Amino acid sequence: TQLLEQSPQFLSIQEGENLTVYCNSSSVFSSLQWYRQEPGEGPVLLVTVVTGGEVKKLKRLTFQFGDARKDSSLHITAAQPGDTGLYLCAGEGGKLIFGQGTELSVKP
Amino acid sequence: EAGVVQSPRYKIIEKKQPVAFWCNPISGHNTLYWYLQNLGQGPELLIRYENEEAVDDSQLPKDRFSAERLKGVDSTLKIQPAELGDSAVYLCASSSSPGTGATGELFFGEGSRLTVL
């Protein structure tokens, strides 16, 4: 069974701080997606990484796919209250498997 | 273009009662998914359709859950009878097959929040 473990599960920080969210598995994935979900809404895709070692940037967000395609990280620079939400990684391995999510709260 | 539409947004029922959720995917998306999401957790797949065929229903509790996607467009998910542990958000998502066997981007609806008393 493929599992994706995210850490930390909860993160509460002050505006302007940096943070990193990790997504780890013992399985190899052909690609990995990151979603962000706000309360009362469905998840929305942020990025898809496909190649081992790939780095993608989306404004203040930096996504990295591990060389072995088993893990990924999301780094946010200078977090803002608008970054608050549930961050989900999802690995593609025949079907899409979601991690349990990281609840991020950014306080002004 | 309209996104994935789900109804109802909220439903409160007594245990042992039936409940149904409806989903209309993005036009032209042939793949439709039903997910269950508990508070603060990631979505868990219940069933995936390719057009009108259920291609993955291995995680659907078939003793009480059923789903259909007649005509390969909109879909309904039913629970009968509901149990206390079914309280959760039921998310519908759709995607267009990229043709590579990969899943591609999922577009989610806002979800139907079920509370079983």
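Scroll up to find the structure this text is about.
A look at the interface of chain A and chain B
Each partner contributes residues to the interface: chain A has 18 residues there, and chain B has 19 residues. Buried area between chain A and chain B, both sides added, is near 1,500 Å², and the carbon and sulfur share of it is 47%. Area buried by chain A at its contact with chain B is led by Pro43, Lys95 and Phe98 of chain A, which between them contribute 28% of it. Seen at the junction of chain A and chain B, the total is one salt bridge.

Re the layout of surface pockets
Approximately 570 Å³ is the volume attributed to the largest pocket. Residue lining of the largest pocket: 25 residues in total, with Ile97 and Phe98 of chain A together with Pro43, Glu44 and Leu45 of chain B positioned closest to the centre. Those elements giving two or more residues to the lining of the largest pocket turn out to be β10 (96-98) of chain A together with β4 (31-37) and β5 (44-50) of chain B. Across the lining of the largest pocket, the residue classes break down as 12 nonpolar, nine polar and four charged. Elements supplying a minimum of two residues to the lining of the second largest pocket: β9 (85-92) and β11 (102-107) of chain A together with β9 (88-95) of chain B. Looking at the lining of the second largest pocket element by element, the count peaks at three residues for β9 of chain B. The residue makeup of the lining of the second largest pocket, split by class, is eight nonpolar, nine polar and six charged.

Things to note about the nonpolar core
In a soluble, globular protein the nonpolar side chains are often hidden away together inside. Formed by 22 residues in total, the largest nonpolar core has its most connected members in Phe21, Trp34, Leu46, Leu77, Ile79, Tyr90 and Leu114 of chain B. Elements represented by at least two residues in this core include exactly β3 (19-24), β4, β5, β8 (75-79), β9 and β11 (112-116) of chain B. When neighbours within four sequence positions are excluded, Leu114 of chain B is seen to be in contact with Lys11, Ile13, Val19, Phe21, Ile79, Asp86, Ser87, Ala88 and Tyr90 of chain B. With 20 residues, the next largest nonpolar core counts Leu19, Phe29, Ala79 and Tyr87 of chain A among its residues.

Section: unusual backbone geometry
Negative phi values dominate among residues other than glycine, just as trans dominates among peptide bonds. At the junction of Ser7 of chain A and Pro8 of chain A, the peptide bond is cis and its omega measures out at -10° in the coordinates. You can see Pro8 of chain A is positioned in the loop between β1 (5-7) and β2 (10-14). Looking along the chain, the bond that leaves Gln80 of chain B and enters Pro81 of chain B is cis, with omega of -5°. Looking at the secondary structure, you find Pro81 of chain B in the loop between β8 and β9. One non-glycine residue with positive phi stands out, namely Ala78 of chain A, at about 50°. If you trace the backbone, Ala78 of chain A turns up in the loop between β8 (71-76) and β9. Residue classification places Ala78 of chain A among the partly exposed positions, given a relative accessible area of 31%. For Asn51 of chain B, which is not glycine, the phi dihedral falls at a positive 55°. Its location among the elements puts Asn51 of chain B in the loop between β5 and β6 (53-56). Judged by its relative accessible area of 38%, Asn51 of chain B falls in the partly exposed class.

Notes on the sheet that holds β8 of chain B
Residues and elements named next belong to chain B. The strand order β1-β3-β8-β7 describes an open sheet built from four strands, whose pairing is antiparallel. On the outer flanks of this sheet lie β1 (5-7) and β7 (65-68), each paired with one strand and no other. On average, adjacent strands in this sheet sit at an angle of 15° to one another, irrespective of strand direction. Judged from the five bridges that link them, β3 and β8 form a sheet pairing that is antiparallel. The partner of Ala20 across the bridge, within β8, is Lys78.

Quick look at the side chain of Asp56 of chain B
One can find Asp56 of chain B in strand β6. Residue classification places Asp56 of chain B among the buried residues on the basis of a relative accessible area of 12%. Of note is the side chain of Asp56 of chain B, whose polar atom sits 3.1 Å from the side chain of Lys95 of chain A. For Asp56 of chain B, the residues in contact, after removing those within four places along its chain, are Lys95 of chain A together with Leu45, Leu46, Ile47 and Arg48 of chain B.

Calculation rules
- Residues numbered from 1 in each chain as written.
- Chains lettered and ligands numbered in written order.
- Predicted model: local features only at pLDDT ≥ 70, side-chain atom pairs only at ≥ 80, totals over all residues.
- Heavy atoms only, no water.
- Contact = heavy atoms within 4.5 Å.
- Buried area = accessible area lost by both parts, 1.4 Å probe.
- Salt bridge = Lys/Arg side-chain N within 4 Å of Asp/Glu carboxyl O.
- 1 Å grid on protein atoms, 1.4 Å probe; cavity = no way out; pocket = protein on both sides within 12 Å on 5 of 7 lines; lining within 4 Å.
- Points joined across faces, edges and corners; volume = space filled by probe spheres on them.
- Helix = DSSP H or I, 4+ residues; strand = E, 2+ residues; numbered from the N terminus.
- Nonpolar A, V, L, I, M, F, W, Y, C, P; charged D, E, K, R; others polar.
- Core = buried A, V, L, I, M, F, W, Y, C linked by side-chain atoms within 4.5 Å.
- Buried < 20%, exposed > 50% of the residue type's maximum accessible area, 1.4 Å probe, protein only.
- Pairing = 2+ DSSP bridges.
- Axes fitted to C-alpha atoms, helices over the stretch in contact; angles between N-to-C directions.
- Polar contact = N/O pair within 3.5 Å; in protein donor to acceptor, adjacent residues only side chain to side chain.

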